[in-house]
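Structure assessment
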Amino acid sequence: MKKYIDSTLLDRAICFAVKAHANTERREKGFPYIVHPLEAVAIVATMTNDQELLAAAVLHDTVEDTDTTVEELRALFGERVADLVVIESDVEVEGMTHDESWQIRKQAAIDRLAAASREAKMVALGDKLSNMRAIARDYAEMGEAVWQKFAVKEKAPHAWHYRGLAASLSELKDTFAYQEFVTLLNKVFPLKGS
């Protein structure tokens, strides 16, 4: 006999994310953007069945990358989901371009996640592991040329960023998702002497 769960909130969040990201491509990957949030929610589902965390995972890029507002998410999905998306969203730095503020924004994200709840870290790990999987695939195919696809074209800043994220998310070290994240991190950014 099938076991049923109430996935109404997640179902609504998936439909909302599909519409919000419609007709956008994932960073010159050749596939629809929605594939990334769907992978993020699949990763978070390996750690929890909390429908609000799963909804936040699929919605995590809507405020940052679409016209969606935090207020809209709050009205449609509640305070907790909106707050989890905010923790996962980049904050622009006034007076600087997006590219100029890269390191400041990434440090702010590392610090925000270090202080975040375990639940917020799960949502973030869904996103970060999905990103790390994509980088690892591209790195295996392209080698060092992969960094030319990014605004920051040197490898070292990316290594610093992802190692900082690993430290901030280390509370999740007991999860398979975190272990996969660190394994891929070490393949793409091997420590000296490894």
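Report on the accompanying structure. (Residues numbered from 1 in each chain as written. Predicted model: local features only at pLDDT ≥ 70, side-chain atom pairs only at ≥ 80, totals over all residues. Heavy atoms only, no water.)

A volume near 780 Å³ is recorded for the largest pocket. If you go around the largest pocket, you meet 34 residues; those closest to its centre are Arg27, His98, Trp102, Lys106 and Phe150. Each residue belonging to the lining of the largest pocket can be placed in one class, and the counts come to 11 nonpolar, six polar and 17 charged. (1 Å grid on protein atoms, 1.4 Å probe; cavity = no way out; pocket = protein on both sides within 12 Å on 5 of 7 lines; lining within 4 Å. Points joined across faces, edges and corners; volume = space filled by probe spheres on them. Nonpolar A, V, L, I, M, F, W, Y, C, P; charged D, E, K, R; others polar.)

Bringing the packing of aromatic side chains into the picture now. With the rule as written, the count across this model stands at seven aromatic pairs. Taken together, the aromatic side chains of Tyr139, Trp147, Phe150, Tyr162, Phe181 and Phe189 make up a single cluster linked through ring pairs. (Phe/Tyr/Trp six-rings, centres within 6.5 Å; stacked < 30°, edge-to-face > 60°.)

Look at Asn23: it is not a glycine, yet its phi comes out positive at around 65°. Mapped onto the fold, Asn23 is located in the loop between helix H1 (8–20) and helix H2 (35–44). (Helix = DSSP H or I, 4+ residues; strand = E, 2+ residues; numbered from the N terminus.)

It is worth spelling out the packing of helix H8 (residues 118–142) against helix H10 (residues 176–188) at this point. At a minimum axis separation of 9 Å, H8 and H10 run at an interaxial angle of 35°. As H8 packs across H10, the resulting crossing turns out to be left-handed. Contacts between H8 and H10 involve Leu125, Lys128, Leu129, Met132, Arg133, Ile135, Ala136 and Tyr139 on the former and, on the latter, Ala177, Tyr178, Glu180, Phe181, Leu184, Leu185, Lys187 and Val188. Looking at the contact of H8 with H10 residue by residue, the classes come out as 12 nonpolar, no polar and four charged. (Axes fitted to C-alpha atoms, helices over the stretch in contact; angles between N-to-C directions. Left-handed = near helix turned anticlockwise from the far one by under 90°. Contact = heavy atoms within 4.5 Å.)

As a further point, take the pattern of salt bridges. According to the stated counting rule, one finds 14 salt bridges in the structure shown. Close ionic contact of Asp50 with Arg80 constitutes a salt bridge, the shortest N to O distance being 2.9 Å. On the criterion of sequence distance, the pair formed by Asp50 in the loop between H2 and helix H3 (51–59) and Arg80 in helix H6 (residues 79–88) is long-range, its members being 30 residues apart. Measuring nitrogen to oxygen at the nearest pair gives 3.0 Å for the salt bridge that ties Lys121 to Glu171. Placement of Lys121 in helix H8 and of Glu171 in the loop between helix H9 (155–168) and H10 is noted, with a sequence separation of 50 residues between them. Exposure remark for Glu171: the relative accessible area of 37% places this residue in the partly exposed category. Salt bridges sharing partners connect three or more residues here, namely Glu39, Arg133 and Glu180. (Salt bridge = Lys/Arg side-chain N within 4 Å of Asp/Glu carboxyl O. Buried < 20%, exposed > 50% of the residue type's maximum accessible area, 1.4 Å probe, protein only.)

By the criterion of burial, H3 is predominantly enclosed, with eight of the nine residues buried. Structurally, H3 contributes buried residues whose contacts are with H1, H2, helix H4 (62–65), helix H5 (70–77), H6 and H8. The opening residue of H3 is Asp50, an N-cap whose side-chain oxygen sits 2.9 Å from the backbone nitrogen of Glu52. (Polar contact = N/O pair within 3.5 Å; in protein donor to acceptor, adjacent residues only side chain to side chain.)

So, on to H1. With 13 residues, H1 extends 18 Å from end C-alpha to end C-alpha; this agrees with the ideal 18 Å at 1.5 Å per step. Within H1, burial applies to Leu9, Leu10, Ala13, Phe16 and Ala17. The buried residues of H1 occupy an angular sector of 125° when projected down its axis, which confines them to one face. (Expected span 1.5 Å × (residues − 1). Arc of directions from axis to C-beta.)

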